[in-house]
Amino acid sequence: MRAFGMTHVGQKRSINQDYIYYTDEPVGLLPNLYIVADGMGGHKAGDKASSFAVERFVELAKEFSVDQPLFLMKEVMEQVNQELLDLASGKPEYEGMGTTFVAASILDDQLNVMNVGDSRLYLMGEELTQITKDHSLVEELVRSGQLTKEEARIHPQKNLITKALGAEMSVEPDFFQLEMKNDDRILMCSDGLSNMVEDKRIEDILKNFKEPEAAVNQLISCANEQGGLDNIAAVVVKKEEKR
């Protein structure tokens, strides 16, 4: 694996509430780990929620002795969710905080994905495929046929999410397992990228910029050129043949 990630505050926000983590090396029993989180809440709460969730997830992943990646990630997420709730209940400035969370780990040829909220994971093979499904109001309207995907991108309530880490006593993420071939790539991003840049443009960038660092830099630049209305986070991982 070879990965690169970056966050950017964007053009309109003063605080960056996006937080990422990526490593091609083992984290506990996970062979590698990639995370994007997009915090929500007040002035201090959003950036605290995302950074706390990611950092605690990484710490706990090193301690849990579960040998199946998705089971391990599920157990760790449940613990992080409880700790976020405890943190928010003890400090008024953190009340109502939460974060989206998408995590991935690649074991041999198997991509393991867990997500809650509207941060996304795409698989780039011969074409770009969105793997995760947004936990958002507009996505529910798209699924029911009341909105098109194009209408959803500009809907005034597009940022209203229906699930978040730290929002409820229990968290119910989605899980995905799929095959990943050599030279396939994954893109994980916050809605600061996916709301600003259409999927076709994302696909074109990934086709033209094969290396993770170049792709991430180009994606973030494109989101800012389109207005940069929100914080932007992107992690690109390329699967390479073992040597």
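Described below are features of the structure shown in this document.

Rules used in this analysis
Residues numbered from 1 in each chain as written. Predicted model: local features only at pLDDT ≥ 70, side-chain atom pairs only at ≥ 80, totals over all residues. Heavy atoms only, no water. Axes fitted to C-alpha atoms, helices over the stretch in contact; angles between N-to-C directions. Helix = DSSP H or I, 4+ residues; strand = E, 2+ residues; numbered from the N terminus. Parallel < 35°, antiparallel > 145°, perpendicular 65-115°, else oblique. Left-handed = near helix turned anticlockwise from the far one by under 90°. Contact = heavy atoms within 4.5 Å. Nonpolar A, V, L, I, M, F, W, Y, C, P; charged D, E, K, R; others polar. Buried < 20%, exposed > 50% of the residue type's maximum accessible area, 1.4 Å probe, protein only. Pairing = 2+ DSSP bridges.

Some thoughts on the packing of helix α6 (residues 199-208) against helix α7 (residues 212-225)
So, step 1. For the pair α6 and α7, the least separation of the axes is 9 Å and the interaxial angle reads 150 degrees. Classified by the angle between their axes, α6 and α7 sit roughly antiparallel to one another. Like other packed secondary-structure pairs, α6 and α7 cross with a definite hand, here right-handed. Across the interface between the two elements, R201, I202, I205 and L206 of α6 pack against A215, Q218, L219 and C222 of α7.
So, step 2. Here the residues of the contact of α6 with α7 sort into 6 nonpolar, 1 polar and 1 charged.

Some words on the pairing of strand β5 (residues 101-107)
So, step 1. Counting buried residues in β5 gives 6 out of 7 residues, a clear majority hidden from the surface.
So, step 2. Across 7 bridges, the pairing between β5 and strand β6 (residues 110-116) is antiparallel. Paired with L107 across the bridge in β6 is Q110.
So, step 3. The hairpin turn running from β5 into β6, its antiparallel successor, is 2 residues long, and D108 in that turn takes a positive phi close to 55 degrees.

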